[in-house]
Each structure stands twice: as C-alpha cells, then as structure tokens.
Amino acid sequence: MSNSKIKLADIALLAGVSKSTVSFVLNGHAEKHRITAETVEKVQRIVREHNYAPSLYARALKSKKTFTVGLIIPDLTNMGFASIAKSLEFMLGEAGYQLLIASSNDDIETEKKAVHNLIERQVDILLVASAMSDDHFYRQLNRALPIILFDRVFTDSAFINIKTDAQSATEEVVSHLIKQNAECIFIGGQLALSPSQDRLAGYQAAFKSAHMECNPQWLFCQDYQADSGYAMMAQAVDQLGRVPKAVFTASYSLLEGVLRYLSEHQLLNDSVRLATFDHYAILDCLPIKIDSIEQDSQALAQALFDNALAQLDCATTSHHSEVIAAKVHYRTKPTIDEAESLRN
C-alpha cells in the first residue's frame with residue numbers, strides 16, 4: 001500500500017475498525033464515543049507508520065472552514081511585524097491553521113487588493129494592520145468573514161482592536177530626554193495613522209507633565225521611510241541652524257535616516273541625545289547611547305491568536321479593544337530621582 005495515497009478507509013481496514021472510529025480517534029473524540037485505549041493506540045500507530053495526513057479538502061468540506069488565516073501588514077521587513085508574524089504562524093500551526101501573509105507596503109490600494117486576494121482564497125479570518133484612516137472598507141466586508149485590526153486601530157471601531165500602549169511609553173522616554181534638555185525634536189510618520197497619533201500624544205504629554213512649552217516648530221511628520229527621516233533631520237538642522245539637543249524618532253526606520261544624516265555630516269556624537277520607538281538589538285552595540293521602546297510582539301501575537309480562535313469557534317461579532325504595554329530600554333540611564341518620577 002502506497003504511503004502517499006493511504007486514505008482513512010485504509011487506516012480503518014488495517015486497524016480492523018470502522019471509518020467513523022478512525023475519524024473519532026483522529027479528531028480527539030475517542031473518549032466521548034467510548035473507544036478503548038487499545039483501539040486508540042492501534043489507530044495512532046498505523047497513522048504514524050504510514051505518515052497519514054487527513055485531506056485538507058475533505059476537512060474543509062466537513063467543517064466549512066479552510067483552516068487558513070490571512071495576515072496583512074504594512075512592511076514585511078519591519079522587525080516588529082515580522083516578529084508578530086513568526087509567533088502567530090507557530091501558534092496557528094499548532095492549532096491546525098496555516099497563516100497566509102501579505103504586505104500592503106503602506107499603500108491603501110495595495111491593501112485592498114491583498115484583502116480581495118485572501119478572500120478569494122477563502123481564509124477563515126483576516127488580521128490587519130491597516131494603512132487606512134478609518135474602518136469603512138472593512139465594515140463592508142465584515143458580513144463575509146471575521147476581521148481583527150491590530151497596531152493601526154480606529155476610534156469607535158466595529159471590530160476587535162489590539163494595539164501597543166505607545167502613548168505611555170513615548171511619554172516616559174521623552175520625559176527622560178527633556179529632563180536633561182529643554183528642547184526635543186519629534187520626527188514621525190503619517191498622522192492619519194493611530195500609532196503616529198499615539199506617539200505624538202505621548203511626546204506632547206511629556207512636555208505637559210513637565211510644565212514645559214512644546215514648540216510646534218519642533219514637530220516634523222511625513223512617513224516612516226528612512227529617507228524621510230533623513231530629510232526631516234536635515235530640515236530640523238536647517239531650521240535651528242545647528243544640531244538639535246535631543247531627537248525622538250517615532251520608528252526605527254526614521255532613526256536610520258536620522259543616523260545617516262548625522263553620520264554623513266560628521267555630527268554623530270554625544271552632543272545630541274537620541275531615543276526611538278522600536279527596539280533592535282543592534283542599538284546595544286552602537287558607540288552612542290540611544291534609548292528605545294520595545295513592543296511586546298509575543299503578547300500582541302498571543303492576543304491576536306486568542307481572539308482569532310474565539311471568533312472562529314464562536315462566530316462572535318463582539319468588538320472590544322486590547323492595549324499591550326511596551327518596554328522601555330534605557331541606555332542613557334535616568335538618575336534615581338528621575339526614575340522614581342517617571343514611574344509615578
């Protein structure tokens with residue numbers, strides 16, 4: 001008998017039991033149907049010996065599921081999104097689901113095409129970090145399949161929304177910067193996106209908490225490309241007529257642009273204090289000290305996984321928001337008094 005073509009009926013014949021008994025064993029319902037431990041062991045041994053795998057098509061027809069999950073992210077090279085995807089793929093695989101990943105490249109039309117392609121592949125649920133400014137597009141689709149939004153979320157959304165508490169972490173880091181420098185430049189991305197709004201809100205809250213003026217001319221926002229970070233840093237230096245005393249970048253990609261500008265102009269030294277949203281291990285190896293904010297990718301992936309399975313199992317359409325705490329990595333250590341102040 002060919003291992004590659006063995007079927008459930010063949011397993012039943014070899015085990016001397018009915019096809020329904022084999023099905024109950026493979027689906028974990030042996031105890032419910034009072035199948036003996038000896039029979040369960042015999043079926044499982046034959047399955048192992050013949051490397052039997054149930055037909056995905058038969059499974060889909062029976063359950064009316066494809067056991068596939070669609071994930072749409074803005075950038076495949078972004079470490080945060082890549083880490084979430086990696087953890088999520090493992091968890092879903094353990095639960096019998098295959099993750100299908102698409103990138104929107106932060107482009108709305110590309111995102112829409114990705115959504116329609118995944119729907120054509122009949123995914124059971126969509127997990128989306130959207131480039132859009134509202135959830136109207138997804139409200140129209142929600143009749144067809146469940147949708148969970150993460151990272152980029154919307155006010156008064158009709159969906160489950162999962163995000164990092166970027167505002168609190170940014171406020172903490174910027175508070176540390178401005179305790180030593182009354183001036184701090186903000187270099188950020190598209191303000192139509194909720195993460196950009198949260199990071200800017202945290203930056204502004206730090207000045208408010210310190211009873212300090214936040215100069216509007218210190219705010220530079222464009223997009224999250226490294227070239228934009230370079231251009232905004234050049235603009236800040238030109239506007240001030242010197243290097244800023246402190247700079248907060250709203251993403252690691254923007255930090256890359258800032259560092260490239262400073263390096264090319266021989267300005268990369270301890271005279272400018274730097275901090276960034278996003279955390280990469282390479283920051284521990286640089287000659288200059290840069291504080292960073294790390295999103296809890298594992299917790300975000302776990303929240304996506306738990307909510308996805310809950311929706312698939314219960315077909316629920318309830319919506320709520322979940323906020324995951326971020327971790328701050330200080331490389332320019334705060335003083336004891338400052339650390340106590342930041343915690344309070």
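- Under an unreviewed UniProt entry, the chain has the name Autoinducer 2-binding periplasmic protein LuxP and belongs to Vibrio renipiscarius.

Here we look at the domain arrangement of the chain
And then number 1: The assigned domain composition of the chain is domain 1 (8–54), domain 2 (65–164 + 297–324) and domain 3 (166–295 + 330–342).
And then number 2: Relative to domain 3, the C-alpha centre of domain 2 lies at a distance of 29 Å.
And then number 3: On the side of domain 3, 11 residues touch domain 2, which itself brings 15 residues to the contact.
And then number 4: Interface area for domain 2 against domain 3, summed over the two sides, is near 1,000 Å², with a carbon-plus-sulfur share of 44%.
And then number 5: In this structure, the connection of domain 2 to domain 3 is made through 6 residue pairs in polar contact (both at pLDDT 80 or more).
And then number 6: Every element with two or more residues in the side of domain 2 that touches domain 3 is listed here: β5 (160–164) and α12 (297–314).
And then number 7: In terms of residue class, the side of domain 2 that touches domain 3 is built from 5 nonpolar, 6 polar and 4 charged.

Points about the side chain of Thr 249
And then number 1: One can find Thr 249 in strand β8 (residues 246–249).
And then number 2: We classify Thr 249 as buried; its relative accessible area is 1%.
And then number 3: Here Thr 276 takes part through its side chain, which lies 2.7 Å from a polar atom of the side chain of Thr 249.

Things to note about helix α6 (residues 108–120)
And then number 1: End to end, α6 covers 18 Å across 13 residues, agreeing with the expected 18 Å (1.5 Å per residue, within 8%).
And then number 2: When we look at burial in α6, the residues that qualify are Glu 111, Ala 114, Val 115 and Leu 118. One side of α6 holds all its buried residues, which, seen down the axis, span an arc of 100 degrees. Away from its buried face, by an angle of more than 90 degrees, α6 presents the exposed residues Lys 113 and Glu 120.
And then number 3: Within two residues after α6, Gln 122 carries a phi angle of roughly 60 degrees, on the positive side.

Section: the environment of His 319
And then number 1: Tracing the backbone through its elements, the reader meets His 319 in the loop between α12 and β11 (321–324).
And then number 2: His 319 sits in the partly exposed class, given a relative accessible area of 47%.
And then number 3: Counting along the chain gives 174 residues from His 319 to Leu 145, while the straight-line C-alpha distance between them is 14 Å.
And then number 4: For His 319, the residues in contact, after removing those within four places along its chain, are Ser 157, Ala 158, Phe 159 and Ile 160.

Section: helix α9 (residues 194–209)
And then number 1: Between its first and last C-alpha atoms α9 spans 22 Å; for 16 residues at 1.5 Å apiece the expected length is 22 Å, and the two agree.
And then number 2: Three or more residues of α9 are buried, namely Ser 194, Pro 195, Ser 196, Asp 198, Arg 199, Leu 200, Gly 202, Tyr 203, Ala 205, Ala 206 and Phe 207.
And then number 3: The inward-facing, buried residues of α9 abut β5, α8 (166–180), β6 (185–188), β7 (219–221) and β9 (273–277).
And then number 4: His 211, located one to two residues past α9, shows a positive phi value of around 55 degrees.

Concerning the side chain of Asp 151
And then number 1: By secondary structure assignment, the location of Asp 151 is in the loop between β4 (147–150) and β5.
And then number 2: A polar side-chain atom of Asp 151 sits 3.3 Å from a polar atom in the side chain of Arg 152.
And then number 3: Setting aside residues no more than four positions away along its own chain, Asp 151 makes contact with Phe 81, Ala 129, Ile 162, Lys 163, Ser 194, Pro 195 and Gln 295.

Observations regarding the packing of helix α1 (residues 8–15) against helix α3 (residues 37–49)
And then number 1: At their nearest, the axes of α1 and α3 sit 10 Å apart, and the two run at 125 degrees to each other. Relative to α3, the element α1 lies oblique. Pair α1 / α3 crosses with right-handed handedness. Two secondary-structure elements touch here, α1 through Ile 11, Leu 14 and Ala 15 and α3 through Lys 42, Val 43, Ile 46 and Val 47.
And then number 2: When its residues are assigned to classes, the contact of α1 with α3 shows 6 nonpolar, no polar and 1 charged.

What to know about the sheet that holds strand β1 (residues 68–73)
And then number 1: Spatial ordering of the open sheet is given by β2-β1-β3-β4-β5-β11, a layout of 6 strands whose pairing is parallel. The open sheet has two edge strands, β2 (98–103) and β11, and neither has a second partner. Between one strand axis and the next, the sheet turns by 20 degrees as a mean value, whatever way the strands run.
And then number 2: With 4 bridges joining them, β5 and β11 adopt parallel strand pairing.

Rules behind the numbers
- Residues numbered from 1 in each chain as written.
- Predicted model: local features only at pLDDT ≥ 70, side-chain atom pairs only at ≥ 80, totals over all residues.
- Heavy atoms only, no water.
- Domains from an automatic or database assignment.
- Contact = heavy atoms within 4.5 Å.
- Buried area = accessible area lost by both parts, 1.4 Å probe.
- Polar contact = N/O pair within 3.5 Å; in protein donor to acceptor, adjacent residues only side chain to side chain.
- Helix = DSSP H or I, 4+ residues; strand = E, 2+ residues; numbered from the N terminus.
- Nonpolar A, V, L, I, M, F, W, Y, C, P; charged D, E, K, R; others polar.
- Buried < 20%, exposed > 50% of the residue type's maximum accessible area, 1.4 Å probe, protein only.
- Expected span 1.5 Å × (residues − 1).
- Arc of directions from axis to C-beta.
- Axes fitted to C-alpha atoms, helices over the stretch in contact; angles between N-to-C directions.
- Parallel < 35°, antiparallel > 145°, perpendicular 65-115°, else oblique.
- Left-handed = near helix turned anticlockwise from the far one by under 90°.
- Pairing = 2+ DSSP bridges.

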